[in-house]
Amino acid sequence: MKKSILYIIVFIATLTSCEKVINVELKDSEKKIVIDGFISDSIGYNYIKLTNSSNFFDLSKEEFVTGATAFVTNKSGKKFDLKELEPGIYTNPKLISEPNNKYSININYKNNVITANSETQSSIKIDSFFIKQGRVKPGGNIDSKIKAYTFECYWEDKKDEENFYHVIVKVNNRINNRIFVTDDRALDGKTIPFKSSGISMMENDKVSIEVLSVDKIYFDFYHLLFTLQIDPNATPGNADTNIKGTDAIGLFNACTISAKKFVFKNSMVIKGEKDK
Amino acid sequence: MKNFLLGLLFFLVAHNTNAQLKYTISGTIQDFSTGEDLIGVNIAIKELPTSGATTNTYGFYSISLKKDVYNVLFSYLGYKTITKQIDLSKNTRINISLKPDAESLSEVVVSATRDNDNVVSTSVGVSKLSIKDIETVPVLFGEKDIMKTIQLLPGVKPAGDGNAGFYVRGGSADQNLILLDGAPVYNASHLMGFFSVFNSTAIKDVKLYKGSMPAEYGGRLASVMDVVMNEGNNKEFKADGGIGLISSKLTIEGPIQKDKSSFIISGRRTYADLFLMLVDDEKISSSTLYFYDLNVKANMKISDNDRVFLSGYFGRDVLGVADKFGFNWGNTTGTIRWNHIANDKLFSNTSLIFSNYNYLIEISNNNIMFNISSQIQDWNFKQHFDYYMNENNSIKFGLNVINHTFKPGDFEAETDDLSSINIEPKYSLESSAYVSNTHKIFEKLTLNYGLRFSNFTQYGPGEIMYWDKEGNLIHTKNFNKNEVVVSYNRWAPRISGTFIVNDNSSIKSSYARSFQFLHMLSNSSSSSPTDTWMPSSNNIKPSESNQIALGYFRNLKDNKWEFSTEIYYKYMTNIIDYRTGAQTMLNNEVESELLNGDGRAYGIEFLLKKKAGKFSGWISYTLSKSEKLFDEINNGAWFSAKQDRIHDFSIVGTYKFTERLSLSGTWVYFTGNAITFPAGKFSNNGFMVPLYSERNGYRMPDYHRLDLGLTLKNKKYKYVLNPKTGEKVKIKDPFQSSWNFSLYNAYARENAYSISFQEDPDNPGHTQAVQIALFKIVPSISYNFSF
């Protein structure tokens, strides 16, 4: 909504409005240990990544934190020890999340103990999924082989539960930066529609669409990112996190996923219905 | 404390009443050609240079003097002064009609006797503008706008391109009370701040109190902007219009019954959307985008002592993107007012006021319609008295009761696939009583002191949630209809003083306490019509401010130059900010997202104004600071408020080449808004997450802009043959017109509307700062006429 308003504001500025890249000097940021924890019911998609935070404009590769010990426990007290398979990446192949469970991580790095809790929600399943021909962006090249498409995806929400979803679209393993998060306040127990336009794909691209059923703290965290994405004047700040520990930041997410993975073929596109 | 103040008031008043027998001269003063009441006319007594009075908002004055013969001068800037000799032996009613200067064909310039009004007036921290003052100031799209021009005065700062509202002395935009004929206007801008809702042809007078407001005003911390609409010409029919590039307007006024009653209708509409059709993009060309507003007013003299006014404002902004998205918002206000001259000394003003602001968003998605709406509605009763007790005391007192109904947000869908979301309405009653006295202690010292009592009560029905400081729900309680949830009593003393050093210099000082019971929720530094108002409640305490100010006023060169400087400090408590990521729209638990803190603002203002001559204009400069303190933000340390502008500079100049041709320019410069930028970053689940360290630790680039305007009036007079003598006679042409050419942002400065950080499209993985500027150069042309 804010975006539409901005769009119109910018437009009525008699078409004289302009965007330009400017040079901004930012102060250095204090280095903190970052926990990127992810546990799902999808095999091979469970890890805890430890890195150091960097300055905002820093272009160097992520600085991994190695030599920590870590384990995960669930609601019933079952413990999974994690191994550092690659530098800074800690995992255990047996660790697969279950719906409506609670997971806790415990990380010990140089005697600094970092913990976090996350709860999985009821799992959902994508019922239907469509690809439609998208609009060519203004200024876009019509002859280009890369065209924009619209994804539509539907699933049933679990009634009488507070549910939160994050939809992630990847093309050739590259994440689409736009953030799509929603709660079920207006859709409790009903079909949740997801629609995203402007997704660029070519024949034979590997595409995945993942619907993550997440908890409230994850939703709030990403909702703030979403707000900052659509309203450049939104008041920014650090979102609340479930990570507890000295100088530790990041987010730990235990979730369930419903995914569609496919190799894109032009024949998949629903013809005749050009999306506006 | 309160009793002491009241006691002191009556003591001071009583102290002066034991004088000898006096009689009262009173009456109303009007414009000769239109019958409009004149506000602020000076009434001076030749024999008693230190005595005098001014007319109130309804043109009424009253002055009490000893039995004697006096020469009474009635003078008003731009009008011919009238002198009346009065043998005062009984209470006397004198109604006066003043002729505008321009009406006379003679070249004699009549100078108003009180050119030093700014020095001797007892009001402190007040900016006044009349429509004449803004006539030549260049503005965006050539649309004269009193609210934009007032922002060029010291201590008043524009919110910036694309933002509604203004900031007064470090206060936020929602701390300004904007009244149109007494009715609060909750969203005073059109098209996100490009225009104000005030159509300048319908407006008579604007006063802005910068925090030292008299006791009759209250309910906001920073300022009161009191806008009065024209009443309508009760002598003859008149039309006044303007045709511009993106908007046109027309005003018709005239008598209903000559000299007794009149009406005025003034309408305005933009047609910016016509330009959208030129765009080769179906989505844009099928969009709508316009606003309109309509001011209507009628008044009738029932008797010499009674007059009834009816006034209304209806304004709406509409925008839509094809049939997919519709959004409209607007204010409606209505006022019924009864002026009654009870006796020579007592003037009564009774009004019943209605005010409504709402918005409606309609979205159609896959042929499913849904809409979001919000509304605030007020019913307001005001009873005000002006009591001109004696030569040295004039008392104002009255009461004001406002019933507020808030519907913060509703989400409705035309399908069972979506559940509706209804945010619980809130009901409150804001009642105030006040008394104040303007007291001339001795010739050179005048004090204005008063007290305002306010009660704010939140009442049911409703399911009221109680939140703790951390935002956790303590409990929920159900309240029945009209059951009191919480009630606040607040006392606000006000005092100001003017010490006249000599004819051309004075020192003024003031202290004022104010309370605010309504808070605008907006978690973005850009304003939106969807920003909702929230009343004080069991969780939100009323905000309070205490301000002291000291000023020095000096006129130079025979009052042709005015200089003033004012220094102020104010401290605010219980002001509102938000938890990180707070959602203010459609959130039933929004009160749990609010934070309570303090604020402080201080600064010094300078104004140098040249009033007469071919070149006129002013320079204003403000050096100021505005900061906030919240336990939960910025590690509990003071941080700059968004509207903290250290330097603020404006220059306004008009050069009159001839009677018909004038060139004007304004240049503004201010420190960029305080803004929060990230310091670090990290990744989560493949997404880049910015890491922030301090709130508002950075600045937007400095804002500056030059606007130019050129006004060419047609010939004012024409020659006609006198059929009797055969001579050519010069008469005033009833049809007056003018062309206005303007350049907004003449040197095309790209002032930042927003700065955001995005991935570099040419260089994935790299982040860049992108600035959006709304305007480069905006030329415009408009044609105005009246007949």
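**Points about the sheet that holds strand S2 (residues 42-45) of chain B**
Hydrogen bonds between backbone groups are what pair the strands of a sheet, and the pairing can be parallel or antiparallel.
All names here are of chain B.
Turning to step 1, where the next piece is worked out: Strand order across the open sheet formed by four strands is S3-S2-S5-S6, with antiparallel pairing between neighbours. Looking at which strands have only one partner, the edges of the open sheet turn out to be strand S3 (48-54) and strand S6 (82-88). Adjacent strand axes in the sheet meet at a mean angle of 25 degrees when their direction is disregarded.
Turning to step 2, where the next piece is worked out: Bridge count between S2 and S3: four bridges; the pairing is antiparallel. Looking at S3, one finds that Ala44 is bridged to Gly52.

**Section: empty space enclosed by the protein**
All names here are of chain B.
Turning to step 1, where the next piece is worked out: Per the stated rule, a full pass over the model turns up seven cavities of 30 Å³ or more.
Turning to step 2, where the next piece is worked out: A volume near 360 Å³ is recorded for the largest cavity.
Turning to step 3, where the next piece is worked out: Around the largest cavity, the lining comprises 31 residues; the ones closest to its centre are Lys148, Gln151, Pro158, Arg705 and Tyr744.
Turning to step 4, where the next piece is worked out: Going through the elements one at a time, helix H4 (146-150), strand S15 (195-196), strand S42 (661-670) and strand S47 (703-713) are the ones with two or more residues in the lining of the largest cavity.
Turning to step 5, where the next piece is worked out: Split into classes, the residues belonging to the lining of the largest cavity amount to 17 nonpolar, 10 polar and four charged.
Turning to step 6, where the next piece is worked out: There are two domains that each give the lining of the largest cavity at least three residues, and those are domain 2 (126-227) and domain 3 (228-708).
Turning to step 7, where the next piece is worked out: There is about 260 Å³ of room inside the second largest cavity.
Turning to step 8, where the next piece is worked out: Glu424, Lys426, Met534, Asn588 and Glu591 are, among the 27 residues lining the second largest cavity, the residues nearest its centre.
Turning to step 9, where the next piece is worked out: Counting only elements with at least two residues in the lining of the second largest cavity, the list comes to strand S28 (426-442), strand S29 (445-459), strand S30 (462-467) and strand S35 (532-535).

**Regarding the domain arrangement of chain B**
Turning to step 1, where the next piece is worked out: Taken domain by domain, chain B holds domain 1 (19-104), domain 2 (126-227) and domain 3 (228-708).
Turning to step 2, where the next piece is worked out: For domain 1 of chain B versus domain 2 of chain B, the separation of C-alpha centres amounts to 30 Å.

**Topic: the domain arrangement of chain A**
Residue and element names in this part refer to chain A.
Turning to step 1, where the next piece is worked out: One can read the domain layout of chain A as domain 1 (33-119) and domain 2 (126-215 + 256-270).
Turning to step 2, where the next piece is worked out: The C-alpha centroid of domain 2 is placed 27 Å from the C-alpha centroid of domain 1.
Turning to step 3, where the next piece is worked out: Listed by partner, the interface residues are 10 residues for domain 1 and six residues for domain 2.
Turning to step 4, where the next piece is worked out: Summing both sides of the interface, domain 1 and domain 2 together bury roughly 590 Å²; the carbon and sulfur share of this comes to 51%.
Turning to step 5, where the next piece is worked out: One can count zero salt bridges joining domain 1 with domain 2.
Turning to step 6, where the next piece is worked out: Classifying every residue of the side of domain 1 that touches domain 2 gives three nonpolar, four polar and three charged.

**Structural notes on the nonpolar core**
Turning to step 1, where the next piece is worked out: Core analysis: the biggest nonpolar cluster contains 93 residues, and Ile131, Phe151, Trp155 and Met201 of chain A together with Phe198 and Met225 of chain B have the highest contact counts within it.
Turning to step 2, where the next piece is worked out: In contact with Met225 of chain B, other than residues within four places in its own chain, are Met147, Phe166, Leu177, Ile178, Leu179, Phe198, Val206, Lys207 and Leu208 of chain B.
Turning to step 3, where the next piece is worked out: Core analysis: the second largest hydrophobic core is formed by 30 residues, Val181, Val214 and Leu224 of chain A together with Tyr692 of chain B among them.

**Brief notes about the sheet that holds strand S52 (residues 767-773) of chain B**
Turning to step 1, where the next piece is worked out: Read across the open sheet, the three strands follow the order S1(A)-S52(B)-S51(B); overall the sheet is antiparallel. Strands at the two margins of the open sheet, each flanked by one partner only, are strand S1 (18-22) of chain A together with strand S51 (752-759) of chain B. Between one strand axis and the next, the sheet turns by 30 degrees as a mean value, whatever way the strands run.
Turning to step 2, where the next piece is worked out: In terms of strand pairing, S51 of chain B meets S52 of chain B through seven bridges, oriented antiparallel. Pairing of Glu759 of chain B across the sheet is with Thr767 of chain B, part of S52 of chain B.

**Here's the deal with the pairing of strand S4 (residues 60-66) of chain B**
Residues and elements named next belong to chain B.
Turning to step 1, where the next piece is worked out: Here S4 lies mainly inside the structure; six of its seven residues are buried.
Turning to step 2, where the next piece is worked out: Bridge count between strand S1 (residues 22-31) and S4: seven bridges; the pairing is antiparallel. Each bridged residue has a counterpart across the sheet, and for Lys22 the counterpart in S4 is Lys66.

**Description of the pattern of salt bridges**
Turning to step 1, where the next piece is worked out: If you walk through the whole model with that rule in mind, you get 33 salt bridges over all chains.
Turning to step 2, where the next piece is worked out: We note a salt bridge from Glu152 of chain A to Lys132 of chain A, for which the minimum N-O separation is 3.0 Å. Of the two residues, Glu152 of chain A is situated in strand S12 (residues 147-156) and Lys132 of chain A in strand S11 (residues 126-133); the sequence distance between them amounts to 20 residues. Accessibility classification places Glu152 of chain A together with Lys132 of chain A in one group, the buried group.
Turning to step 3, where the next piece is worked out: Put simply, Glu605 of chain B and Arg169 of chain B hold a salt bridge, and the shortest N to O gap is 2.8 Å. Taken together, the positions of Glu605 of chain B in strand S38 (residues 594-610) and Arg169 of chain B in the loop between strand S11 (166-168) and strand S12 (176-180) put the pair 436 residues apart, joining distant regions of the chain. Considered together, Glu605 of chain B and Arg169 of chain B belong to a single accessibility category, that of buried residues.
Turning to step 4, where the next piece is worked out: Here the salt bridges share partners, and the residues they tie into one network are Glu36, Asp37, Lys204, Glu231 and Arg307 of chain B.

Calculation notes
- Note that residues are indexed from 1 along each chain, following the sequence as it is written.
- Lettering of chains starts at A and numbering of ligands starts at 1, both following the order in which they are written.
- Confidence filtering applies because this is a predicted model: local features only for residues at pLDDT of at least 70, side-chain atom pairs given and counted only at 80 or more, and all residues used for totals across whole chains, interfaces and linings.
- Think of the side-chain values as coming from all heavy atoms in the structure, minus any hydrogens and water.
- Two strands pair if DSSP finds at least two bridges between them.
- Going along the chain from the N terminus, every DSSP run of H or I of four or more residues is numbered as a helix, and every run of E of two or more is numbered as a strand.
- The convention used is that axes are lines fitted to C-alpha atoms, helices contributing only their stretch in contact, and that angles between N-to-C directions extend from 0 to 180 degrees.
- With a 1 Å grid spanning the protein atoms alone, the term cavity applies to any set of points in which a 1.4 Å probe fits but cannot get out, the term pocket to an open set with protein on both sides within 12 Å along at least five of seven lines, and the term lining residue to any residue with an atom within 4 Å of a point.
- Grid points are joined across faces, edges and corners, and a volume is the space filled by probe spheres set on the points.
- Residue classes follow a fixed rule: Ala, Val, Leu, Ile, Met, Phe, Trp, Tyr, Cys and Pro count as nonpolar, while Asp, Glu, Lys and Arg count as charged, and any other residue, Gly among them, counts as polar.
- What fixes the domain bounds is an automatic or database domain assignment.
- Whether two residues touch is decided by their heavy atoms; if any such pair falls within 4.5 Å, the residues are in contact.
- A quick way to say it: buried area is the sum, across both parts, of accessible area lost when two parts are put together, with a 1.4 Å probe.
- Should a side-chain nitrogen of Lys or Arg be within 4 Å of a carboxyl oxygen of Asp or Glu, the pair is scored as a salt bridge.
- By convention a nonpolar core is built from buried Ala, Val, Leu, Ile, Met, Phe, Trp, Tyr and Cys residues, the set being connected through side-chain atoms within 4.5 Å.
- Buried residues are those whose accessible area, probed at 1.4 Å on protein chains only, stays under 20% of the maximum for their type, while exposed residues exceed 50% and partly exposed ones sit between those limits.

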